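Each chain is listed here by its residues.
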Amino acid sequence: MEFLIEYGYIGLFIGAFLAATILPMSSDVLLVGLLAVGANPYIAVPVASIGNWLGGLTSYWLGRAGKWEWLERYCRVKRETIEKHQHNVARYGSLLAFFTWLPFIGDVMAIALGFYRIDWRKTTVFMLIGKSLRFVMWAVLYYWIEPVFA
């Protein structure tokens, strides 16, 4: 993580992108770390948001490329289970994309949205809003708490 912070905004973008895939990384830590060393929040927040959003969209499109047969054969998931999850995902549709910023389950949600062919236009918009609000929140929290430690 430290080497990504050393690369500034490019490192933040790469880290945020990778964190939105199935790789276990924390783009929040990268953002706060960059802000702590003096990065401009008006640049850092959009960079993190766009990187994380593009990573989420990558997961969405990987899910979209998936096939039911693969889940049944390689993951040993029964068709009934797949259909049950499809019903749950279809129930909320693209609104689920707003929550793809959540740790652990957000990446799975992005893949599921693609796998079940949820409207990519709406998914793209809700995903961008959710991920952007996450980084705005972290920046606000950092600047609210930072004076306590100064």
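Calculation criteria
Residues numbered from 1 in each chain as written. Predicted model: local features only at pLDDT ≥ 70, side-chain atom pairs only at ≥ 80, totals over all residues. Heavy atoms only, no water. Axes fitted to C-alpha atoms, helices over the stretch in contact; angles between N-to-C directions. Helix = DSSP H or I, 4+ residues; strand = E, 2+ residues; numbered from the N terminus. Parallel < 35°, antiparallel > 145°, perpendicular 65-115°, else oblique. Left-handed = near helix turned anticlockwise from the far one by under 90°. Contact = heavy atoms within 4.5 Å. Nonpolar A, V, L, I, M, F, W, Y, C, P; charged D, E, K, R; others polar. Expected span 1.5 Å × (residues − 1). Buried < 20%, exposed > 50% of the residue type's maximum accessible area, 1.4 Å probe, protein only. Arc of directions from axis to C-beta. Patch = residues over 30% accessible without salt bridge, like charges linked within 9 Å, V, L, I, M, F, W, Y side chains within 5 Å. Areas by Shrake-Rupley, 256 points an atom, 1.4 Å probe, with all protein chains shown as cover. Salt bridge = Lys/Arg side-chain N within 4 Å of Asp/Glu carboxyl O. UniProt positions renumbered as here; feature names shortened; annotations may be inferred. Phe/Tyr/Trp six-rings, centres within 6.5 Å; stacked < 30°, edge-to-face > 60°.

We now examine the packing of helix H2 (residues 8-19) against helix H3 (residues 27-36). A pair of packed helices can be characterised by two numbers: the angle between their axes and the separation between those axes. It is the contact of H2 with H3, at a shortest axis distance of 8 Å, that shows an interaxial angle of 165 degrees. Relative to H3, the element H2 lies roughly antiparallel. Relative to H3, the crossing made by H2 is left-handed. Between H2 and H3, the contacting residues are Gly8, Tyr9, Gly11, Leu12, Gly15, Ala16 and Ala19 on the first element and Ser27, Leu30, Leu31 and Leu34 on the second. The residue makeup of the contact of H2 with H3, split by class, is seven nonpolar, four polar and no charged.

Along its 12 residues, H2 runs 16 Å from first to last C-alpha, staying within 8% of the 16 Å computed at 1.5 Å per residue. Buried residues of H2: Gly8, Gly11, Leu12, Gly15, Ala16 and Ala19, and no others. End-on, the buried residues of H2 take up no more than an arc of 130 degrees, which puts them together on one face.

Time to look at a nonpolar patch on the surface. Side chains of Tyr7, Ile10, Phe13, Ile14, Ile50 and Leu54 sit close together on the surface and give an oily, nonpolar patch of about 560 Å² of accessible area. When residues of the nonpolar patch are traced back to their parent elements, those giving at least two are H2 and helix H4 (41-65). With three residues, H2 is the largest single contributor of residues to the nonpolar patch. On the secondary structure map, Ile14 appears in helix H2. Residue Ile14 is classed as partly exposed on the basis of its relative accessible area of 39%.

Right, let's talk about the UniProt feature "transmembrane region" (unreviewed entry) in the protein chain for a bit. With numbering aligned to this structure, UniProt lists the feature "transmembrane region" (unreviewed entry) at residues 6-23, 30-54, 95-118 and 125-145. In the segment residues 30-54, helix accounts for 84% and strand for 0%; the C-alpha atoms at its two ends are 17 Å apart. In residues 95-118, helix accounts for 46% and strand for 0%; the two terminal C-alpha atoms are 10 Å from one another.

So, on to the side chain of Asp107. Along the chain, Asp107 falls in helix H7 (residues 105-115). Apart from residues no more than four positions distant in its own chain, Asp107 is found in contact with Ala19, Ala20, Thr21, Ile22, Ser59 and Thr100.

A separate point is the packing of aromatic side chains. One pass over the structure, following the stated rule, counts five aromatic pairs. Ring geometry for Tyr60 against Trp61: centres 5.1 Å apart, planes inclined by 85 degrees, an arrangement best described as edge-to-face. Take Tyr60: its relative accessible area is 1%, and that puts it in the buried class. For Trp61, a relative accessible area of 42% corresponds to the partly exposed category. With a centroid separation of 5.1 Å and an interplanar angle of 85 degrees, the aromatic rings of Phe98 and Phe99 are classed as edge-to-face. Taking relative accessible area as the criterion, Phe98 reaches 24% and is therefore assigned partly exposed.

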